[in-house]
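Below, each chain spelled out in residue letters.
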Amino acid sequence: MQQVEEANPVALIVQKYGGTSVGSAERIKKVADRVIQTVRAGNSVVVVVSAMAKATDGLVALAQDITNEPSRREMDMLLATGEQVTIALLSMALQAAGQAAISLTGGQVGIITEKEHTRARIVGIKTDRIQRHLNQQEVVVVAGFQGISSADDLEITTLGRGGSDTSAVALAAALKADFCEIYTDVPGVYTTDPRLVPNAQLLTEITADEMLELASLGAKVLHPRAVEIARNYAVPLVVRSSWTHDPGTMVRSQNIMPRSLANLELAPAVDAVEFTTNEAKIALLHVPDRPGIAGQIFRAMAREGIDVDLILQSIHDGNSNDIAFTVNQSMLSRAQAVAEALAPQLGGAEVIVEDHIAKISISGAGMIGRPAIAAEIFELLAAASINIQLISTSEIKVSCAIAAKDCDRAIAILCQHFAINISAAPDGNLPTVPVRGVALDMKQARVAVLNVPDRPGMAAKIFTLLAQRNISVDTIVQSQRTRSINGIVTRDIAFTVAQSEVGKGPRDASEAQKVLDAARGDLGYGEVVLNESIAKISIVGSGMVGTPGIASRMFQALAEAGINLHIIATSEIRVSCVVDRDQGVNALQVVHQAFNLGGEQTVTVPGS
Ligand code: ADP
Ligand code: ASP
Ligand code: MG
C-alpha cells in the first residue's frame, strides 16, 4: 500500500482528525507535527478536524438542559461551534511551528448543503478559495461536519453526528485529492469494535460495499455517507491511527463510472436497482419463540447444501414466530422436504411454499436519513397493483419479494422513477470472505404495527406517514401469517427506528408511535407496540453469497448463548438480528467468536 512517506511529491492529501485525536492542546500539537511532516514530504495538505473529544456531546447536553425539543436550526448553530474551536487551535499550532496555515469554516470554504438542519447533505463544494491558499503553500484547516445552505439564507448546517468523515471525503472528491486519510483513535477498521471485543483483528483492506454496510449497521469508525462518496468518486480512502505510523486499513472502491461533482451527495439517492428471478419462498408459521429455532432450521438447510437468500423472521404474537426465506427455484423441492421434515419438531409448524418469486432491490447510501425513499418504492409498486410478499430493508437497501411475473414491470417502474440504468454494482477487487466484520447498533427501537389490513398500498401509507415526519426506519419486516379480524385479512408489520440525533432519547421511536396511533382510525390497523430496549447485531461479508450455512452459524452461536431473536433480516452481504439490548454486547462477542474473527493480538483504545 502506498503511504504518505512514499507519496508522489506533488500529491494533494486530505487528512481528517477525529475528536480524540484533537482532544487536548497536547494532541493538537501532535497533529500539527504530523501535518508538517506530510508537507515536508512534498505534499499539499488540507486538514479536516472534528470538535475536541466530547465537545459535541457537551453541547448537546447543554441544549438538553434548556429544552427537550430544541429546534434543529438552533442545534446547528450550537454544534457548529465545536469544530470552529479546533480549526483555530490547529491553525495556531501550525503557525507557531513555522508552517503557514489558515483555518476556514464550512461556510468560508463554500461547502454548500441543502437546508435540512442537523442532517444536511452536501450539494457541492467550491474549491477556488482552498486552491488559492494551497498555491500560497498554506495548509488549509477546514471545520468538519458543517456547511452552509446556498443562495440567500446562508444558514449554518451540520451533516449529522460523525459527519466530519463525510466532509473530508467530499473535499477529497471535489479537490480530486490523491488520498483521503481518516486519522482516529484505533489503528484502522477492525473485524468489530475493539472496545467491545478486545481481540478483534485489524483489516488491512475492506471493500467499500462491505464498509458501507458495517458503517450503516453501527460501526462508528466511518460515517456511512463518507464511504458512499468514496465509492461513488473512487476516492482512495485510508483509516489510520493518529498515534502510530502503521499503514491502517484501505477501503477499496472500484470506479463504476465517472460522475459529475454537481449535487455531490444528492444525486442519486438510489444508485442501483438489482433483481433476481427464479426464486421461491418458504415460510414456516407458528414456530416456537425460543432461542435455537432459527439455528435449527438453517443448520438443517446448510447440511443439505441449500443456499438461502433472504431470511426474515417477523414479530411474534404471544409465543410463536414466523420465519420466511427465499431459495433458488432449483433448490425448492429439497428445501421444502427439509422444512416439512423439521416441522413436527417445531411444534407442528405450518409450511407454506410459493414458487416463481422475484426479488428486487434498490440500494444507495443516499437513502440514509431519507425515509421517503422506501415509502416511494412501496407506493410505486402499490400503484401498479404489485403485491409485496416480503420486505427486507436496511438503511441503504430495500428488497422486496414479488411474483416473478411482475418483475419486469417493477424494474421498469423503479428504473424510470429513480433515473438509473440497471446495473450490478461491481465490488472492489478483493478476495471475498463470507464474514468480514460484525457490527452492533444499540441506538435503535422496534415498533410493531399489529393487524394491518392486507391490501396493496398499506405499507406505502404507513411509511409515507413516517417519512412526512422525517422519521427514518430500517429493518422493516412484514409477517407471513395473516389473521382474520372481523372478516378482514390482516398482517403485522414491524420495523426498527433509529434514535433521534438531536436529543438523547429515542425521540424518533416515540414520535413514530404517536404518529401511527393517531392514524389508526383512518388506516384500520390495531395496536402500535414500542420496544425501546433492543439491539441490532449484524454480520457483513461479500462472500456470503453462495456460501451455505453462514446465517445458521450466527443463529446457532446466539442460541448457544441463550439469546432470543426478535427479528431476523438479511440482504446479500449481511444478516441482522434484533435481540434484547442487555444481551447486545454478549451477542456481538459470541458471534465474532463463532466466525473465528478474533486473533492473538489485542488492541487498547486510548481513552477507553
Ligand atoms: P473519531 O472521533 O476519530 O471520528 P469515532 O469515535 O467516531 O472516532 O470512531 C472510532 C471508534 O469507532 C473506535 O474508537 C471504535 O470504538 C469504534 N468502532 C466501531 N466499530 C469499529 C470497527 N469495526 N473498527 C474500528 N473501530 C470501530
Ligand atoms: N463533532 C461531530 C460529532 O461529534 C462530528 C464528528 O466528530 O465527526 O458528531
Ligand atoms: Mg467519527
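Each chain carries its own residue numbering, running from 1 in the written order of its sequence. Naming scheme: in the order in which they are written, chains are lettered from A and ligands are numbered from 1. With the structure being a predicted model, the display of local features is reserved for residues of pLDDT at least 70 and the display and counting of side-chain atom pairs for 80 or more, all residues being used for whole-chain, interface and lining totals. No hydrogens and no water enter the side-chain calculation; it runs on all heavy atoms of the structure.

Trainee: How should I be thinking about the overall build of the protein chain in this particular structure?
Mentor: Secondary structure elements follow DSSP: runs of H or I no shorter than four residues count as helices, runs of E no shorter than two count as strands, and numbering proceeds from the N terminus. Counting its secondary structure elements, the protein chain contains 17 helices and 25 strands. Values of the radius of gyration come from C-alpha atoms, whereas the globule rule sets the reference at 2.2 Å times the count of residues to the power 0.38. A globule of 608 residues ought to have a C-alpha radius of gyration of about 25 Å, and the protein chain, at 24 Å, matches this closely. Considering only C-alpha atoms, the protein chain reaches an extent of 75 × 55 × 45 Å along its principal axes. Partly exposed residues are those whose accessible area sits between 20% and 50% of the maximum for their type, while under 20% is buried and over 50% is exposed, using a 1.4 Å probe and protein chains only. Here the protein chain holds 608 residues, and the buried ones make up 58% of them.

Trainee: Where do I start with helix α5 (residues 128-135) in this structure?
Mentor: An α-helix turns once per 3.6 residues; consequently, residues spaced three or four apart project the same way. I130, H133 and L134 are the residues of α5 that are buried. Buried residues of α5, seen end-on, are gathered within an arc of 100° and therefore sit on one face of the element. What points out from α5, more than 90 degrees from its buried face, is the exposed set D128 and N135. The contact criterion used throughout is that any non-hydrogen atoms of two residues lie within 4.5 Å. Residues of α5 that are buried sit in contact with β1 (12-17), β2 (44-49), β3 (101-104), α4 (106-109), β6 (139-143) and α6 (164-175). Summarising the geometry, the arc corresponds to the directions from the helix axis toward the C-beta atoms.

Trainee: Even after reading the chapter, I still don't get the pairing of β1, so can you show me in this structure?
Mentor: Within a regular strand, side chains alternate between the sheet's two faces. The buried fraction of β1 is high, at 6 of 6 residues. Neither face of β1 is left uncovered, since the one carrying L12, V14 and K16 and the one carrying I13, Q15 and Y17 both have all their residues buried. Only strands joined by at least two bridges in the DSSP assignment are considered to pair. In this sheet, β2 lies alongside β1 in parallel orientation, the contact comprising 6 bridges. Considered in β2, the bridge of Q15 is made with V47. By convention, orient the strands away from the viewer: a clockwise path from the first strand over the helix to the second makes the crossover right-handed. At this point the chain moves from β1, through helix α1 (residues 25-40), to the parallel β2, and the crossover so formed is right-handed. In this sheet, strand β9 (residues 179-184) lies alongside β1 in parallel orientation, the contact comprising 5 bridges. Along β9, the bridge assignment pairs Q15 with E181.

Trainee: I tried to follow the site of ligand 2 on my own but got confused; where do I start?
Mentor: Around ligand 2 sit S50, A51, T56, E83, F145, R161, G162, G163 and S164, and that is every residue in its neighbourhood. Each polar contact in these results corresponds to two N or O atoms within 3.5 Å; when the atoms are within protein, one needs to be able to donate a hydrogen and the other to accept it, and residues that are neighboring in sequence are counted only if both atoms are side-chain atoms. Between ligand 2 and the protein, one listed contact pairs an oxygen atom with a backbone N or O atom of G162 at 2.8 Å. Contacts to ligand 2 include G163, whose backbone N or O atom sits 3.4 Å from an oxygen atom. Coverage of ligand 2 by the protein chains reaches 86% of its 260 Å² of free accessible surface. Polar here means any residue outside two lists: the nonpolar Ala, Val, Leu, Ile, Met, Phe, Trp, Tyr, Cys and Pro, and the charged Asp, Glu, Lys and Arg; Gly therefore counts as polar. Taken together, the residues of the shell around ligand 2 break down into 2 nonpolar, 5 polar and 2 charged. The near set for a molecule or strand comprises every residue that places at least one heavy atom within 4 Å of it. Each accessible area value is a Shrake-Rupley result obtained with a 1.4 Å probe; residue values ignore everything except the protein chains displayed when judging cover.

Trainee: What's the story with the packing of aromatic side chains in this structure? I'm lost.
Mentor: Two descriptors summarise a pair of aromatic rings, namely the distance from one centre to the other and the angle between the planes of the rings. Two rings from Phe, Tyr or Trp (for Trp, the six-membered ring) form a pair when their centres are within 6.5 Å of each other. A pair whose planes differ by under 30 degrees is stacked, one over 60 is edge-to-face, and the rest are tilted. What the rule picks out here adds up to 5 aromatic pairs. Between F298 and F325 the ring centres are 5.1 Å apart and the planes differ by 75°, which places this aromatic pair in the edge-to-face class. Here the residue F298 occupies a position in helix α9 (residues 293-303), and F325 occupies one in strand β15 (residues 320-328), the gap between them amounting to 27 residues. Under the relative-accessibility criterion, F325 is labelled buried at 0%. Here the aromatic residues F298, F325 and F555 are joined through ring pairs into a cluster of three or more.

Trainee: Honestly, the nonpolar core in this entry has me stumped. Any pointers?
Mentor: Nonpolar side chains tend to gather and get buried jointly when the protein is soluble and globular. Residues belong to a common nonpolar core when they are buried Ala, Val, Leu, Ile, Met, Phe, Trp, Tyr or Cys residues joined through side-chain atoms within 4.5 Å. Judged by nonpolar contacts, the single largest core of 51 residues is most densely connected at V14, V46, I130, V142, C180 and M211. The dominant element in this core, judged by the number of residues it contributes, is α6, at 8 residues. Dropping the residues within four chain positions of it, V46 is found in contact with L12, I13, V14, Q15, I130, L134, V140, V142, L171 and L175. In this structure, V270, I373, V398 and V452 belong to the second largest nonpolar core, which totals 50 residues.

Trainee: When you look at the sheet that holds strand β11 (residues 237-241) in this model, what are you seeing that I'm missing?
Mentor: In a beta sheet, neighbouring strands pair by backbone hydrogen bonds and run either parallel or antiparallel. Across the sheet, which stays open at both edges, the 8 strands sit in the order β3-β6-β2-β1-β9-β11-β12-β10 with mixed pairing between neighbours. Looking at the sheet topology across the chains shown, the edges are occupied by β3 and β10 (205-207). With direction set aside, neighbouring strand axes in the sheet form an average angle of 20°. The sheet contact formed by β3 and β6 spans 4 bridges and is parallel. Opposite L104, over in β6, you have V142 as the bridge partner. Between N-to-C directions, angles span 0 to 180 degrees; the directions come from axes that are lines fitted to C-alpha atoms, helices contributing only their stretch in contact.

Trainee: Would you mind going over the packing of helix α11 (residues 371-383) against helix α12 (residues 407-418) with me for this structure?
Mentor: Closest axis-to-axis distance for the α11/α12 pair is 10 Å, and the angle between their directions is 135°. Considered as vectors, α11 and α12 are oriented oblique to each other. At the point where α11 passes α12, the crossing takes the right-handed sense. Of the residues in α12, those in contact with I373, E376, I377, L380 and L381 of α11 are A410, I413, L414, H417 and F418. Taken together, the residues of the contact of α11 with α12 sort by class into 8 nonpolar, 1 polar and 1 charged. Oblique is the label for every angle not falling under 35 degrees (roughly parallel), over 145 degrees (roughly antiparallel), or within 65 to 115 degrees (roughly perpendicular). By convention, the crossing between two helices is left-handed when the near helix turns anticlockwise from the far helix through less than a right angle, and right-handed when the turn is clockwise.

Trainee: What's the story with α9 in this structure? I'm lost.
Mentor: I293, A294, G295, I297, F298, A300 and M301 are the residues of α9 that are buried. For α9, the secondary structure elements touched by its buried residues are β13 (272-288), β14 (308-313), β15, α10 (332-342), α16 (550-560) and β24 (567-571). Where α9 terminates, the next one or two residues include G305, which has phi positive at roughly 70°.

Trainee: Hey, could you run me through the site of ligand 1 in this one?
Mentor: Around ligand 1, 17 residues are found, and the nearest of them are T184, D185, Y190, D193 and R195. G19 has a polar backbone atom sitting 3.1 Å from an oxygen atom of ligand 1. One nitrogen or oxygen atom from the side chain of K220 is found 3.0 Å from an oxygen atom belonging to ligand 1. Compared with its free state, where it exposes 570 Å², ligand 1 has 91% of that area covered by protein. Counted by class, the shell around ligand 1 contains 7 nonpolar, 5 polar and 5 charged residues.

Trainee: Looking at this structure, I do not really get the pattern of salt bridges. What am I missing?
Mentor: Oppositely charged side chains are able to pair whenever their charged atoms sit close together. Salt bridges are defined by distance alone: a side-chain nitrogen of Lys or Arg within 4 Å of a carboxyl oxygen of Asp or Glu. All told, the structure shown has 23 salt bridges when counted by the stated rule. Among the ionic pairs, E114 bridges to R121, the shortest N-O distance being 4.0 Å. You'll find E114 and R121 in the same group, each marked buried. The structure contains a network of salt bridges with shared partners spanning R73, E74 and E155.

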